[in-house]
Structures are given as structure tokens and as C-alpha cells.
Amino acid sequence: MVERNPEQLTVAPDGRPETEQPRWRRDFPIDGPQDEYIARRDFTKFMLLTSCAFAVGQLWILTQSFLRRRKAAPAVREIARLEEIEVGQSRIFDYPGAHEPAVLVRLDANRWVAYDQKCTHLSCPVIPRIAEGRLYCPCHEGSFDLETGRPLAGPPRRPLPRIRLRVTGGRIYAAGIEERTA
Amino acid sequence: MVSPLAMEFFVDPGRCIGCQACVQACSECDTHKGQSMIQLDYLDRASSTQTVPVVCMHCDSPTCAEVCPADAIKKTADGVVQTARKPRCIACNNCVIACPFGVPKMNTRMNLMMKCDMCYDRTSVGNKPMCASVCPSQALFYGTRDEIDKLRPQSRPINTFQFGKQTITTKVNMMVPKTSRVEQLDVTETMPRAQRDDAEIDPIMMNLRLE
């Protein structure tokens, strides 16, 4: 009589004991109690690998933020002449790259704001609604405050990246982009 | 929970009167989601009234679980093979095709294999399965060996079956007459003759083939 695990009910079709069976039979047992049983070694292995994955993820985030800080500031670029845009009007321009649309708004005679046009939710372009004092994203009914770029309504949670502006000699220039998390 | 080990299931097809009470009662069981898991087979309807109630035999080495690619069919500690686990079952029908007794049923609406689980909610607390509690002729009997010995002095239970080259031992017992010397039952005996490998070719079928 071969020795058999007393908790093991199901006998493999060839009738041989558990130790002589292929590995997959131990990994996928037919008996319910054995199926629910988790060995301490397997549990420890799972915990260790999962925490390693978390640690690697944290390191990755750290490296990314370090690299972002090291990146050179984008070049200063002229957007428009001051008289081209009247109070309450806006203009779409590309900044910092060629296909990265941003929006410039003239709030009043001396106040200008510019934001990246990508909604912080799912990157749809936001539409300035100057009369309502907000930037509107039509994809999911998101809204941002026109003066600060902070989210007001809808799914977005992070403010729009603000573009630093500089006014010299009757012209307005974009001079850097300010990523914000809150 | 472990069902009392002294309690066993005995199927005596010779006593079945084909009343379908078990079929109705089965769907009332709380673990069956309103589905009937029992089926009543007619052996040879043209010439006989004999019927056979088919419940899961709860094999020692369940073929349904052996063929399951999704690891969904599990046996409890007391040897009862359960319905496929819903989060795992992929509705592939392997078990339905592989079972020597034809027990598992595919519920296509739920994408789940469901089968007789010996009314696990009842038997695990010591009650009889629904079918055995309603069977008027006791063709389906749930009780101890002593009880069945007293009630059926001319029969004895056997639990070994042959299906082609596969020998199957089961938790559920089948009653055979004490006078017969049979030690194991051939499952294919209950199949229509034309489906069996060793079936003689029917002369009428032969003529049809020749035409």
C-alpha cells in the first residue's frame, strides 16, 4: 500500500500516488480543500515579488521626475503682437513643439493667460469660454477656471499646465511651461 | 461542512416508474438555481417503459474535472463533485462531452456548466437530496448501508463501472440483483444500440445503406 496524503481524495486516473504525478497535478488539484490551500512558501514568494514590483515602480517614478527636472527649458517663442488680440479674445498657438497646441486668452487690458490645450483627463483640446470665465472640455463635460487653470467640474483632477508669458516691445512671448499637480 | 459519511446514495433503476417527480424536485433545490440537474433516460422507448434516473455518480477520479482546462470543477472534502465555479468556468463543454454518464449540462444563458451536486446545501447538513426525498418507488435512495440491506434483501450495491477501457469507481452506488455475478456495470449498456461500437448492424439499416 502506497502512502497517500489523507487530505487527498481524488486519485489520478493512473492510480499512482501524488509524489509520482506530474507537477501540474499538484498545482491544479481537483480536491476543493487543496485548491484553496496556499503554502507559506508560495505566499511569501508572492508577497516578495509584489513588493519588489512596487519598489521598482517607485524608483521608476523617481527617475522620471529627476529627468524631467533636468530637461532644458523650452525656447522662448513669439505668439502675437499685443494689438492683434482684443480683450475677451483668444488664440491657439503651438508651444513648445510644433504639434502641441496651447491657448492664449486676453482677460483685460493688461492680463494675459496661456495654458496647454490638452485636457488633463484624456487629452481632448479644451475650448475657451471667456464669457463664462472657464475653459470647457467637450469630451466629458470638464471645466477649468480661466484665470488659474484649476479644474472646476467634470472628470479632470489636475490643473492645466500653465505657459509663462513675457511681454516685451509690444509683443507677447511664451517663455516656459509650468507643470502642476494641484 | 462534511456530510455524514454513513449516508450514501443508492440508485435502483429497476424500481424507476418514470414519474418525473425527481426531475421536478431537483429544480427546487437551492443550489441548482431553478435548473433541474437530473435526467430521466428512456432505455428503449418503442418497446419498453423502462426509465433510468441519471444523477451524478461523484467519481473517485472525476473525468469532468480531469478534462477541465479552466480548473473549475472541484470536489469537496466529502467526495461530492460540485458544479463548475462561476468565476473560472469558460463554458468550453469539455466536461459535457467527457463525462461517461452524461451528467454535466451546459447552461448557455449563464455560460456555466451545472451538474448534480447531491443537493449539497441539504446533504451537508444531514438532509436527503431533493430527488431521493420525493421518489415514490425509492429508485433513488439516500441512507445508510444497513437501511438499504433491510429494504432490499435481494439486491446489493456496486460502485464500479466500465466505460470502454476506463474503469470508474464512484461515491454513488447502483443496485444490482444479488443473484447476478456482475462486479461492474458497462455504462454503454444503457446507450441506444446503434451508438455502441460493438452493436450488430441492424438489417434494416443495412438495407438503407445499400440503397
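Within every chain, residues take consecutive numbers counted from 1 along the sequence as written. Chains and ligands are labelled sequentially in the order written, the chains with letters from A and the ligands with numbers from 1. Given that this is a predicted model, residues contribute local features only at a pLDDT of at least 70 and side-chain atom pairs are listed and counted only at 80 or more, while totals for whole chains, interfaces and linings are drawn from all residues. With hydrogens and water excluded, all non-hydrogen atoms of the structure serve as input to the side-chain values.

**Re the sheet that holds strand E6 (residues 134-137) of chain A**
All names here are of chain A.
Point 1. Any two strands with at least two DSSP bridges between them are considered paired. Segments assigned H or I by DSSP are reported as helices when at least four residues long, segments assigned E as strands when at least two residues long, and all are numbered from the N terminus. Read from one edge of the open sheet, four strands run E5-E6-E7-E8, paired in antiparallel fashion. Unpaired on one side and paired on the other, strand E5 (127-129) and strand E8 (151-153) mark the two borders of the sheet. On average, each strand axis in the sheet is tilted by 35° relative to the strand beside it, whichever way the strands run.
Point 2. The sheet contact formed by E5 and E6 spans three bridges and is antiparallel. Directly across from arginine 129, in E6, lies its bridge partner arginine 134. In this analysis an axis means a line fitted to C-alpha atoms, helices contributing only their contacting stretch, and an angle means the value between N-to-C directions, from 0 to 180 degrees.

**A word on unusual backbone geometry**
Point 1. Put simply, Tyr95(A) and Pro96(A) share a cis peptide bond, and its omega is -5°.
Point 2. Relative to the helices and strands, Pro96(A) is located in the loop between strand E2 (90-94) and strand E3 (101-108).

**A word on the confidence of the model for chain B**
Residues and elements named next belong to chain B.
Point 1. A residue's pLDDT is the confidence the predictor assigns to it, expressed on a 0 to 100 scale. Residue-level pLDDT values for chain B average 85, and 87% of them are 70 or greater.
Point 2. The criterion used for residue contact is that any of the two residues' heavy atoms lie within 4.5 Å. Every residue in residues 205-211 is under pLDDT 50, and counting partners more than four places away or in other chains gives two contacts.
Point 3. The ipTM for the predicted assembly is 0.71, set against a pTM of 0.61.

**Description of the sheet that holds strand E9 (residues 185-186) of chain B**
Residue and element names in this part refer to chain B.
Point 1. Strand order in the open sheet made by the five strands is E6-E1-E8-E7-E9, with mixed pairing throughout. This sheet does not close on itself; its edge strands, each paired only once, are strand E6 (140-143) and E9.
Point 2. With eight bridges connecting them, strand E7 (residues 155-163) and strand E8 (residues 166-177) associate as antiparallel partners. Within E8, the residue paired with proline 157 across the bridge is methionine 175.

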